[in-house]
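The primary structure of each chain is shown beneath.
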Amino acid sequence: MTEQKLTWKEKIFYTTPNDDRSRMRTVANNLILHIHPTKVAKPALRFSYTWGLGGISSVLVMFLILTGVLLMFRYDASVENAYTSIQYLETQVAFGALIRNIHHWSANLLVVTSFLHLIRVFLTGGFKKGRALNWALGLFLLTLVLAFNFTGYLLPWDQLAYWAITVGTSLLSYVPLVGTAVSNFLLGGPEVGQTTLRNFYAIHVAVLPAILILAMSFHFWRVRKDGGISQPEPGERERVEKVTTIPHLVQIELAATAVLTVVILVWAIFVPAPLEALANPSHPPNPAKAAWYFMGLQELLLHMHPLAAMLLPLTLFIGIALLPKLDTQEDNIGIYFRSHKGRFAALFGALIGTILVPLAVLLDEYWLDLPGLFPTWPTLITTGLIPLLATLAMFGLIYGYFRKAGKLNHSEAIVGLFSFIMTSFVTLTLIGIFFRGANMALVLPF
Amino acid sequence: MNKYNVISFFGFLALVIVFPIYAWYEPTQRAEAQDNLQNQYVTDASVIYIENCAVCHGIEGEGIGATPALNGEALQTMDYEELFKVIARGRYGTAMTGWHEDEGGLYNDYQIQQLVALIRYADWTQIGELAASQGLIPPTLPIPSVDPEMVAQIIEMSAESGFEWAEGFQLYASNCTVCHGIQGEGSDLGLPLNTADIQSRETAELIRIISEGVSGTAMVPWHNVLTPDEIESIVGFLQHWDEIEAEGVVLTPPEPIWVDVDDPESMLALGERIFSTTCVACHGEDGSGGTGPALNSQQVLTANTDEQLTNTIVNGGWRPSSTMPSFGDRLTSVEIEALVSYLRAWEPTAPFVENPRGTQQGGGPPWLRTEDGTTTTPGGGNGGQGQGQGNQGNGQGQGGPAWRDSGSPPGQSNQGTTGTESPAAAEQGPTIAVQGTVAAIENNLLTVQLADGSLVQAMLGPPWFWSEQGIAINAGDAVSLEGFESADHMEVNWITNQTSGETKFLRENGQPVWTQ
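Residues numbered from 1 in each chain as written. Chains lettered and ligands numbered in written order. Predicted model: local features only at pLDDT ≥ 70, side-chain atom pairs only at ≥ 80, totals over all residues.

(A) Main features of the overall build of chain B. Regarding its fold elements, chain B presents 20 helices and 8 strands. Among the 516 residues that make up chain B, the fraction classed as buried is 34%. The contacts in chain B between residues at least 6 apart in sequence include a share of 63% that link residues at least 24 apart. (Helix = DSSP H or I, 4+ residues; strand = E, 2+ residues; numbered from the N terminus. Buried ≥ 20, exposed ≤ 12 C-beta atoms within 10 Å, placed from the backbone. Contact = placed C-beta atoms within 7 Å.)

(B) Seen up close, the overall build of chain A. When helices and strands are tallied, chain A shows 18 helices and 2 strands. A total of 446 residues make up chain A; the buried ones form 33% of that total. Expressed as a percentage of contacts within chain A between residues at least 6 apart in sequence, the contacts between residues at least 24 apart total 79%.

(C) Geometry of helix 6 (residues 96-123) of chain A. The end-to-end C-alpha distance of helix 6 of chain A is 40 Å, a good match for the 40 Å that 28 residues give at a rise of 1.5 Å each. Phi turns positive one or two residues past the end of helix 6 of chain A, at A:Gly125, with a value near 65°. (Expected span 1.5 Å × (residues − 1).)

(D) A look at unusual backbone geometry. Residues and elements named next belong to chain A. Here the residue pair Ile 246 and Pro 247 is connected by a cis peptide bond, since its omega of 0° sits within 30 degrees of zero. Tracing the backbone shows Pro 247 in helix 11 (residues 245-270). Look at the link from Asn 286 to Pro 287: it is a cis peptide, with omega at 0°. Residue position: Pro 287 is located in the loop between helix 11 and helix 12 (295-303). Positive phi, normally seen in glycine, also occurs at Lys 129, with a value near 55°.

(E) Summary view of helix 16 (residues 333-346) of chain B. Over its 14 residues, helix 16 of chain B runs 20 Å from end to end, which matches the ideal 20 Å to within 8%, given 1.5 Å per residue. When helix 16 of chain B is considered as a whole, its buried residues turn out to be B:Val334, B:Glu335, B:Ile336, B:Glu337, B:Ala338, B:Leu339, B:Val340, B:Tyr342 and B:Leu343.

(F) Structural context of the nonpolar core. Counting residues in each nonpolar core, the largest one holds 57 residues, and the members touching the most others are A:Ala82, A:Leu155, A:Trp157, A:Ala161, A:Ala164 and A:Leu197. Put simply, the parts of the chain that give this core at least two residues each are helix 4 (53-74), helix 5 (82-91), helix 6, helix 7 (132-154), helix 8 (159-172), helix 10 (194-225) and helix 11 of chain A. Counting contributing residues, this core receives three or more from each of domain 1 (36-285) and domain 2 (286-446) of chain A. With residues near it in sequence (within four places) discarded, A:Ala161 still touches A:Tyr153, A:Leu154, A:Leu155, A:Pro156 and A:Ala279. Membership of the second largest hydrophobic core comes to 47 residues, among which are B:Val116, B:Ile119, B:Leu270 and B:Tyr342. (Core = buried A, V, L, I, M, F, W, Y, C linked by C-beta atoms within 7 Å. Domains from an automatic or database assignment.)

(G) Representation of the packing of helix 15 (residues 340-366) of chain A against helix 18 (residues 410-434) of chain A in the model. Residue and element names in this part refer to chain A. Where helix 15 meets helix 18, the closest approach of the two axes is 7 Å, and the angle between their N-to-C directions is 35°. Of the two possible hands of crossing, helix 15 and helix 18 adopt the one that is right-handed. Taken together, the residues of the contact of helix 15 with helix 18 break down into 14 nonpolar, 9 polar and 2 charged. (Axes fitted to C-alpha atoms, helices over the stretch in contact; angles between N-to-C directions. Left-handed = near helix turned anticlockwise from the far one by under 90°. Nonpolar A, V, L, I, M, F, W, Y, C, P; charged D, E, K, R; others polar.)

(H) Highlighting the environment of B:Lys85. Residues and elements named next belong to chain B. Within the fold, Lys 85 resides in helix 3 (residues 80-89). With 16 C-beta atoms counted inside 10 Å, the residue Lys 85 sits in the partly exposed group. Separated by 31 residues in the primary sequence, Lys 85 and Val 116 have C-alpha atoms spaced 9.8 Å apart.

(I) Molecular detail of the interface of chain B and chain A. If you look at the interface, chain B gives 18 residues, while chain A gives 21 residues. Counting only elements with at least two residues in the side of chain B that touches chain A, the list comes to helix 1 (3-57) and helix 4 (109-121) of chain B. If one sorts the elements of the side of chain B that touches chain A by residue count, helix 1 of chain B sits on top with 16 residues. Looking at the side of chain B that touches chain A residue by residue, the class counts come to 11 nonpolar, 4 polar and 3 charged.

(J) Molecular detail of the packing of helix 13 (residues 306-321) of chain A against helix 17 (residues 379-404) of chain A. Residues and elements named next belong to chain A. Relative orientation of the contacting elements helix 13 and helix 17 amounts to 20°, with a least axis distance of 8 Å. Judged by the inter-axis angle, helix 13 sits roughly parallel to helix 17. Relative to helix 17, helix 13 is oriented so that their crossing is right-handed. From helix 13, Leu 307, Ala 308, Leu 311 and Leu 312 reach across to helix 17, where they touch Leu 380, Gly 384, Leu 385, Pro 387, Leu 388 and Thr 391. The residue inventory of the contact of helix 13 with helix 17, partitioned by class, reads 8 nonpolar, 2 polar and no charged. (Parallel < 35°, antiparallel > 145°, perpendicular 65-115°, else oblique.)

(K) Region of interest: the environment of A:Ala256. Residue and element names in this part refer to chain A. Within the secondary structure, Ala 256 sits in helix 11. Take Ala 256: there are 22 C-beta atoms within 10 Å of it, and that puts it in the buried class. The spacing of Ala 256 and Ile 56 is 200 residues in sequence and 7.2 Å in space, taken between C-alpha atoms. Leaving out residues up to four positions away in the same chain, Ala 256 has contacts with Gly 52, Gly 55 and Ile 56.

(L) Geometry of the pairing of strand 2 (residues 445-450) of chain B. All names here are of chain B. Here strand 1 (residues 431-442) pairs with strand 2 via 6 bridges, running antiparallel. Looking across to strand 2, one finds that Val 438 is bridged to Val 448. Linking strand 2 back to strand 3 (residues 455-459) in an antiparallel pair, the connection comprises 4 residues, with Gly 453 at a positive phi of about 90°. (Pairing = 2+ DSSP bridges.)

Given below as structure tokens:
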């Protein structure tokens, strides 16, 4: 390569290569840009295909790492000082409140975006064609995000934190055999206290970030290895048009990042992260609710025996992890809802989910009294086994209905069922967040 | 430019605009957050204070008895660590115990930090308000009042040491009952003292215990507070307590009065209590009138809204001649609210009073009226009687701590002085005529020098009235005027400027012309 004479402008803004070859070389030679291939399929760039959810999630992770490290400088993970260190941060440290707000809201948004990312990948069949591992990895990353949120929730040591964690970890004790042991290990004792705070802090700032960075890198690397994001099968003699990563992909990422940054910043400026009164173990708030993303689970607990309320999500989680084995039809990859019929199935599934779940909640709250109907049976059966089996039977019914009455194929019926399950879960969560008042009684939020 | 670059451009533009604006306001915002946090600390701490500290340190941090006041500047500027340490660990040799959890107390670091903030930044009158809004009205230390009859009874018991016992009895009542109980029965804080064991102890030993205290307990060395003679008299009382009790002299426990502020009945009761201790002296029994207007009259109650009544209580009388002092800083808002509701409760049954204005404007309470309806001259003794009824009448006065009653309404003392005036003019009260030269005139306040050199201040109606309708009066003019005595000046019926020959009538038949 011959030395070129550069103008001063080029010396300063040298990084913009302006022909395809050098653009591709830049991507290949750049550590960060090399997570992308040098060229990407043009249809894969369609924003309404990915909604940028994976990218937005990873930008949020970057925000979280940046602000989290800054927060560590002033945070003190001791019961005596944790709360006051937050107060100090918010009142004495320049930009302290802003940094905390960004961290808080990014973390909450991350739960949403990574969940939506899961939904998006499912709907476009992104787990197919050798992507089983990355699908499982993505699921693992989602649980990691929840673990991050859960451990971070405790750190301000206010009433909200203390009681959400107390409620959250009390769910653990319902897990048979190991539940109590795991809970004691995490809490460093039977109750949330100084050891818990230290444990959660260490997990939040050291253990989880290490795992997260490794798992994220793995996740990105797998996307490359799987040949980029999922795309529809090209037809016979059809060629997928490819464009260079610079500028086509990078400019989209830049725009998404810019918008996300502005949204987070403005939101963080105007909506302060909550900080309630100092944690007081002797004054539980009423209702004592877990963090909002666990309210679906807490709601489920109101209706089922704890064991059933654990088993049901566990079954579903395993089912979702095994989706690549359950839905092996590969020709519909990259098509939203698999097909036009699948779109109908998803819509219908969502519809019955939003109708049936509130009805079931009302039914159980006001009319149905299973233990009263069978007073001699153990509650494990009346409130555990029966609702669990009924729910699973419901899933079977819906699947069967889609197959028989809807004349859908297996893959499309699964879309309908998945849509039903996810809508039900979201509905349960919303009921738990907004429709539960004192003593977890049903109330109207307005 | 494609759409993504446009979005990026505006995104970064927004960042470049939003961030500096935020950065500019950030210090202000932080200062605001500091203020809010400080308020929150003080508010949280005042709840703690009212629960546990006010009993000894006073509801407004004024200190009670031997317990130091907290509302002084010295404490506000005291070292933070020192304040924290005293609250957390207590002070050796005093009744101040350690309040930190580690010392067996109730509070953690954070709450003690809040208490320190309270001492440094509290607005103590607001804490009194807060206490009132929680129903602790008026705040009282559980110190029993000593009936003079009891004292007399004790003095009669023994010729040589009756006085000593009586003094000891009174000292015990005001200093020791908090810990040792009203009847010496003891409490968590102090031993029982009304026992055979104590009575059999050596005098010297008891004196030593009281004056030196018992270290490690809340028993303070009392030699700081009491004289040796006083301590001796307490010992004398303790040693003869059984005899005194046998005579039937027993202290009755005062109840700290908690009022349910949401219950109209108890608010009415509170209003009645305040009226009968604070207002009765001027406004008469059941608002029948006195120096001040008869409040229990159709005219007053229909003419004034609750808001107006509240205003008058808070700010004092609005008439220039009014002697009604402002009670805004003496009563809490809850008390004032209770008082207004008490007055309002009269309305349905209130009689029509011929002239509801106070004695000096006619009318007056029944005991000041003669049978033919004219008002007798209130003597000094009468005034005193009115006051006595207010403050001591059948023990109702116990609710008000001394500092609340300290400023007795000036109207009362004034009533005594009017006794020297000649009885005249039944409608107007005692009319006085004055002749002299104008020493000064300032707005509506006229100062007249009499022939004997004494100065008389006269109020020429409200300032707005006099400035609009008044006559020209200059310093040095000879004036003659007629009026009647008021709080610290006289009210004018008419005035003649003899220098210019002008005459102005300010009141006709007792009615001020500016109200017509």
